[in-house]
Amino acid sequence: MNNLNSTTEANGTGVKKVEGDNLFDVNRLVRLMRKNWYLFLISFPLCLGAVFIYHRYTVPVYKASATLLLKSSEQTPMTPNGLMEGFGLSPEMRSIENQSFIIRSRNIVTKAINRLDFGVEYYQKGRFRDTELYHRAPFVIEFDSLHPQLLNVPIELVFSSSGKIQLSVSCEEGVLHSYANEGYAGQIEAFDFSADVIDGEWVKNQAFSLRVKRRGNSVLQPNVAYYFMFKSHNQLTNQYRGSLSVAPYSEGSSILFISSVGANRQKLVAFLDVLCAVILEHNLDRKNDMATRSIAFIEEQLKTVSDTLEEVQDRLSDYRKANRFMGPSEFSQKLADKYYEAESDLKMLRMRIDYYQYLQKNLKVSDDFEQFLLPAVGSESTGLVNELVSQLIEIQKEMELLKSEVSADNQYLTTQKNRMEITVDLLNKAINQVLKNFSIEEAKIQSELTSILSDMERLPELEKNYLIIDRTYKLNDAIYTFLLQKHSETQITKASNSPDNEIIDSASVQAIVSPDKRGDYKKGLLLAVLIPAVFIGLKELLNTKVRGKEDLNSLLPGVPVVGMVMHNNNDVEDVISAFPHSIISESFRSLRTKLKFMAGSDQVKVITLTSSNTGEGKTFCAQNLASVFAISGKKTVIVGFDMRKPRLTALYDLHQELGLSNYFIGQAAVTDIVYQTAQTNVYVIPAGPVPPNPSELIVGEKTEQLYEYLRSEFDIIVIDSPPIGLVADARLLMQHSDCNLFVVRSNYTSKEHMVHTVDNLLSEKVEGLGIVLNDISFKEKGYGYYSAEYYGGKVKV
């Protein structure tokens, strides 16, 4: 039987190490899925049902959005650097990122929250989830803002048909909040309170002061449970600020989408509408603040000039009356007009010089730059200075905003500080240049005044004194007129101010963010497939048993599989005799043919069957293999060499008969232990009584004599040997065999034990070794499937 091992690998034992199964075989995957179809049948309704329940009882989260257009000032065209003019950012910082940061700043969000009635949240209790009732609750809670209120603890209300309201609250500990100053008002220990009140009745205790009032004509349903909670504005600011996002329509676009997510659609819309209004007002307030400061400065100057003007006017009138002076001559009047014009220019110039000197001085001692921007003294020659002052004001405002939001070592805040230092340095240089220009202009006017005064010294004393008083009057009158004009222009500018931004679309709910119904059902379907697939995969990977021919070919590539025996569904062991036309009988016929085909009938006399462990079906295979040879006309004998567990003895009911153990100890001759069975051509030699030393008995000369007798008397000798993986008896018998069949039971035999056992046999050069795969499931398509089709599926297996 050497050609049974002709496929054994030459460079080793022909046995592979036990590794993970190959799950990437498509055919195998399909078979596994068909075999475990019930897992998918269970998984699909469970997963999809779980998704349905999740959507049924999960509070949806909505996304609301508003659209804002950022416009440039009407006086200047829109440029990429001027895109954020609406908030007055410096040209270098006018970017979408900065705009988004300002909109999401605590200052802006807090102003919006302070205008909303979110301080009390109303809920209706449900069986599985509670519903928030914003502006839909049949009642409203009025509370005393000066009294501490209990935060974040549900206060329950139940309305009765008699008109009474049962109010109750219970908590382990709670935080008290004062709405009057928006601050912490202490803590409260374990607190339980319950009372029956009527509509509009005040309820006061240490934890709250409030009353419940019916909302309009709302119907109060009896025995329906409601509850409400107090929320602080600081807590609400954090909540809504965290859900707020700002994004441009596209890169470089001046259109912003301001969106927020939350569980209540009405509150989201209300919040975004108020937030957009606050954004516009913030922009307008910044512009009006500049105008208000300018008006205040002009009014202060007007008051001073007005007092001086009245005083000079009285002096001029008194001088005329005292000296009966009618008026100056034409020549002196021309000199006076020239002197007035020059002195007026000098007065305005010195006022500008004083401002810029004051500005330069205070740059070193103050960082409140808003007090420096005084448009009334501005001119074209000082435009750069005014622009730098404006930049400093905006940088200062942005830094104040940042300080409340980020840490002192924040990179962006550090960058702003550096920009401020650079701008202050540039401003100092610009002021020095302006003062230098003013100094040249002052010297020129002063020279002109000296020349005019020289001419006026030659006038009569009376006329000269009159011109001095008149000149002072006209100078103050001109300044007064100039300030009045500036005052009027600034007031008109303030009155005509409008926000640089525009709300394109008011807030509206755009979509449900979560749960995503379509996406969740897709995930449910995916899980319905993955869960059984992973379970099957893990089961296959962790399975240590031999399942089929694929495992044998993978683990024992050098050992041929000479037969595959189907699972026996009958109570009869000798299926060949009982069911000769069954599928399992055909599998033994196939094994017989394979043995003849591979070795030739004349060469095969002794066939030894063994296994790695008990319970793998070697005795069953030995009995039916003997029967299948017998019906082909071969005189066959089955020898029960498994003397430790002599199952063959029980199958043929030979418990009281002599057997091998009697033969080995000399109590019986060979002819005395051979028994003919009811089946033609089938004989059996039982094991006999269980001896204490089976291995020693087998080693003796008696075994040689036994095999010689059997070979001379029988055509086929089938040896039912002990499991070779447990005892060495079978190895001793294999040296007398022409063919050694190793029985492996599907889904029972351990891979590791099998590989170890066969590896030892191959290393010992055991010849004629082949594998019989026993107990294959009939459901496994590819083994018994086509045989069943041939028999029409009606025969017993």
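Summary of the structure given here. All figures in this text were calculated on a predicted structure; none of them were measured in a lab.

Calculation criteria
- Residues numbered from 1 in each chain as written.
- Predicted model: local features only at pLDDT ≥ 70, side-chain atom pairs only at ≥ 80, totals over all residues.
- Heavy atoms only, no water.
- Helix = DSSP H or I, 4+ residues; strand = E, 2+ residues; numbered from the N terminus.
- Contact = heavy atoms within 4.5 Å.
- Salt bridge = Lys/Arg side-chain N within 4 Å of Asp/Glu carboxyl O.
- Buried < 20%, exposed > 50% of the residue type's maximum accessible area, 1.4 Å probe, protein only.
- Phe/Tyr/Trp six-rings, centres within 6.5 Å; stacked < 30°, edge-to-face > 60°.
- Lys NZ or Arg CZ within 6 Å of the ring centre and 35° of its normal.
- Pairing = 2+ DSSP bridges.
- Axes fitted to C-alpha atoms, helices over the stretch in contact; angles between N-to-C directions.
- Parallel < 35°, antiparallel > 145°, perpendicular 65-115°, else oblique.
- Left-handed = near helix turned anticlockwise from the far one by under 90°.

Some details on the overall build of the chain
Within the chain one finds 22 helices and 24 strands. Restricting to contacts in the chain with at least 6 residues of sequence separation, those with at least 24 account for 77%.

Examining the pattern of salt bridges
Here the structure, examined in full by the defined rule, presents 16 salt bridges. Note that arginine 589 is salt-bridged to glutamate 586, the shortest N-O span being 3.0 Å. With arginine 589 and glutamate 586 both in helix H14 (residues 583-599) and 3 residues apart, the pair spans about one turn of that helix. For lysine 618, the salt bridge identified is with aspartate 642, shortest N-O distance 3.2 Å. Of this pair, lysine 618 sits in helix H15 (residues 618-630) while aspartate 642 sits in the loop between strand E19 (636-640) and helix H16 (647-651), placing them 24 residues apart in sequence. Considered together, lysine 618 and aspartate 642 belong to a single accessibility category, that of buried residues. Connected via shared salt-bridge partners are Glu121, Glu132 and Lys267.

Digging into the packing of aromatic side chains
The full count for this structure, using the stated rule, is 21 aromatic pairs. Arranged with centres 5.5 Å apart and planes meeting at 70°, the rings of tyrosine 122 and phenylalanine 139 form a pair that is edge-to-face. Within this pair, whereas tyrosine 122 is found in strand E2 (residues 120-124), its partner phenylalanine 139 is found in strand E4 (residues 139-143), the two being separated by 17 residues in sequence. Every member of this aromatic cluster is reached through a ring pair, and the members are Phe118, Tyr134, Tyr240 and Phe271. The ring of phenylalanine 714 is capped by lysine 635, whose NZ or CZ atom sits 4.9 Å from the centre of that ring. Arginine 745 extends its terminal NZ or CZ atom over the ring of tyrosine 748, reaching a point 4.9 Å from the ring centre.

Brief notes about the sheet that holds strand E12 (residues 209-214)
Across the sheet, which stays open at both edges, the 3 strands sit in the order E4-E12-E11 with antiparallel pairing between neighbours. The sheet terminates laterally at E4 and strand E11 (202-204), the two strands that pair on one side only. The mean angle between the axes of side-by-side strands here comes to 25°, regardless of whether they run parallel or antiparallel. Pairing of E11 with E12 involves 3 bridges; the strand directions are antiparallel. Note on E12: the bridge partner recorded for tryptophan 202 is arginine 211.

Quick word on the pairing of E19
In terms of burial, E19 is largely enclosed, as 5 of its 5 residues are buried. Residues Thr636, Ile638 and Gly640 line one face of E19 and the alternating positions Val637 and Val639 line the opposite face, and both faces are buried. With 4 bridges connecting them, E19 and strand E21 (residues 682-685) associate as parallel partners. When the sheet's bridge partners are listed, valine 639 is paired in E21 with isoleucine 685. Across 5 bridges, E19 lies against strand E22 (residues 716-720) in parallel orientation. Looking at E22, one finds that valine 639 is bridged to isoleucine 719.

Remarks on the packing of helix H4 (residues 106-114) against helix H5 (residues 233-242)
Two quantities define a packed helix pair, namely the angle between the axes and the distance from one axis to the other. Put simply, H4 and H5 touch, their axes get as near as 9 Å, and they point 120° apart. Classed by the angle they form, the pair H4 and H5 counts as oblique. For H4 against H5, the interelement crossing comes out right-handed. Residues Arg106, Val109, Thr110, Ile113 and Asn114 of H4 touch H5, and the partners they reach there are His233, Asn234, Leu236, Thr237, Asn238, Tyr240 and Arg241.

Points about unusual backbone geometry
A cis amide bond, omega -5°, links serine 514 with the succeeding residue proline 515. Within the secondary structure layout, proline 515 lies in the loop between strand E16 (501-514) and helix H11 (517-542). With a phi angle near 60°, asparagine 152 is a residue other than glycine that sits in the positive phi range. In this structure, asparagine 152 sits in the loop between strand E5 (149-150) and strand E6 (155-159). Positive phi values are uncommon outside glycine, yet asparagine 681 reaches one of about 70°.

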